[in-house]
Amino acid sequence: DAKTTQPTSMDCAEGRAANLPCNHSTISGNEYVYWYRQIHSQGPQYIIHGLKNNETNEMASLIITEDRKSSTLILPHATLRDTAVYYCIVRVKAAGNKLTFGGGTRVLVKP
Amino acid sequence: EPEVTQTPSHQVTQMGQEVILRCVPISNHLYFYWYRQILGQKVEFLVSFYNNEISEKSEIFDDQFSVERPDGSNFTLKIRSTKLEDSAMYFCASSELRERGYEQYFGPGTRLTVT
């Protein structure tokens, strides 16, 4: 699986959009970008995934650059409960494929 | 919404003892996984399991570890002779077989403390 690079930490104001960047310059054509988050030692939680088109669901939006070498997760209106470690993971979309977690970005949403 | 459950939430054991961590995956899921997270470190993959067989295992998953699906609902991780360095949060996860995103759903974890 391709390696990803994320900032170690970032702060965000409550109610504002949080934009979380991820670099994956060695991504292969058949690899998807997945985002998970982990709230205070709870189990990781799936957020969203995409291949090359922008994706949106009830939790977030995912913007992938045209060359697919980087992406941004957008939390449109951050709340205090969005404080967590966010992981960007690149993997081939296949049944049973493991997730390889890096260090992630520690996001602190402040009032 | 269906969720993965794990028991116990916290297990304390003495070095050298056997422990069994239990998980109930989401009912229609067919792939099962164990991950662990040592305090302050990354989440690490241990093993994946499908059709009553191990699909993949990491180098962490040595002969001291085993997994089993003893019945139609439970999925267990056994550590035969625990070491101090086995102290960690252990997360179970499951995923569907049919194509969508193959996203994995995680349980709340079992905190294992080896003394």
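Note that the structure is predicted; figures quoted are calculated from it, not measured.

Moving on, we come to the side chain of B:Q104. In this fold, B:Q104 is placed in the loop between β9 (88-95) and β10 (105-106). Under the relative-accessibility criterion, B:Q104 is labelled buried at 0%. At a separation of 2.8 Å, a polar atom in the side chain of B:Q104 contacts the side chain of B:Y35. Residues within four places of B:Q104 in sequence aside, it is in contact with A:Y36, A:Y46, A:R91, A:N97, A:K98, A:L99, B:Y33, B:Y35, B:A93, B:S94 and B:S95.

Taken together, the contacts link 21 residues of chain A with 22 residues of chain B. Between chain A and chain B, a total of about 1700 Å² is buried, with carbon and sulfur atoms accounting for 56% of that surface. On the chain A side of the contact with chain B, A:A95, A:G96 and A:K98 bury the most area, a combined 27% of that side's loss. The tally of links between chain A and chain B comes to one salt bridge. Connecting chain A to chain B are six residue pairs in polar contact (both at pLDDT 80 or more). Mapped by element, the contributors of at least two residues to the side of chain A that touches chain B are β3 (31-38), β4 (45-50) and β8 (84-92) of chain A. Ranked by residue count, the leading element in the side of chain A that touches chain B is β3(A), at three residues. Broken down by class, the residue content of the side of chain A that touches chain B amounts to nine nonpolar, nine polar and three charged.

Counted according to the given criterion, the structure contains two disulfides over all chains. Disulfide pairing places A:C22 opposite A:C88 at an S-S distance of 2.1 Å. Judged by the sign of its S-S torsion, about -80°, the cystine formed by A:C22 and A:C88 is left-handed. With A:C22 in strand β2 (residues 18-23) and A:C88 in strand β8, the pair connects residues that are 66 residues apart, well separated along the chain. With respect to burial, A:C22 and A:C88 carry one shared label: buried. Bridging B:C23 to B:C92, the disulfide has an S-S length of 1.9 Å. Here the S-S torsion is close to -60°, and the disulfide linking B:C23 with B:C92 is therefore left-handed.

Applying the stated rule across the entire model yields four salt bridges over all chains. As a salt-bridge pair, A:R37 and A:D82 come within 2.8 Å of each other at their nearest N and O atoms. In this pair, A:R37 is assigned in strand β3 and A:D82 in the loop between β7 (70-75) and β8, connecting sequence segments 45 residues apart. A:R37 sits in the buried class, given a relative accessible area of 10%. Here B:E44 and B:R36 are joined by a salt bridge, their closest N and O atoms 3.2 Å apart. Relative accessible area serves as the criterion here: at 10%, B:R36 is assigned to the buried category.

Residues and elements named next belong to chain A. One pass over the full model with this rule turns up 15 aromatic pairs over all chains. Centre to centre, the rings of Y36 and F101 are 6.2 Å apart; their planes meet at 70°, and the pair counts as edge-to-face. With Y36 in strand β3 and F101 in the loop between β8 and β9 (105-110), the pair connects residues that are 65 residues apart, well separated along the chain. For the residue pair Y36 and F101, the accessibility class agrees, reading buried in each case.

Okay, the sheet that holds β7(A) next. All names here are of chain A. Spatially, four strands are ordered β2-β7-β6-β5 in an open sheet, and the strand pairing comes out antiparallel. Of all strands in the sheet, those with a lone pairing partner are β2 and β5 (55-56), marking the two edges. In this structure, strand β6 (residues 61-64) lies alongside β7, joined through four bridges in antiparallel fashion. Opposite S61, over in β7, you have I74 as the bridge partner.

Our focus in this paragraph is the side chain of A:Q38. Relative to the helices and strands, A:Q38 is located in strand β3. Of note is the side chain of A:Q38, whose polar atom sits 2.9 Å from the backbone oxygen of A:Q42. Of the polar contacts made by the side chain of A:Q38, one reaches the side chain of B:Q37; its length is 2.8 Å. Beyond its immediate stretch of four places on either side in the chain, A:Q38 contacts A:P44, A:A84, A:V85, A:Y87, B:Q37, B:V43 and B:F91.

Definitions and cut-offs
Residues numbered from 1 in each chain as written. Chains lettered and ligands numbered in written order. Predicted model: local features only at pLDDT ≥ 70, side-chain atom pairs only at ≥ 80, totals over all residues. Heavy atoms only, no water. Helix = DSSP H or I, 4+ residues; strand = E, 2+ residues; numbered from the N terminus. Buried < 20%, exposed > 50% of the residue type's maximum accessible area, 1.4 Å probe, protein only. Polar contact = N/O pair within 3.5 Å; in protein donor to acceptor, adjacent residues only side chain to side chain. Contact = heavy atoms within 4.5 Å. Buried area = accessible area lost by both parts, 1.4 Å probe. Salt bridge = Lys/Arg side-chain N within 4 Å of Asp/Glu carboxyl O. Nonpolar A, V, L, I, M, F, W, Y, C, P; charged D, E, K, R; others polar. Disulfide = S-S within 2.5 Å. Phe/Tyr/Trp six-rings, centres within 6.5 Å; stacked < 30°, edge-to-face > 60°. Pairing = 2+ DSSP bridges.

In short, the description is geometric, and any link to function would need to be established separately.
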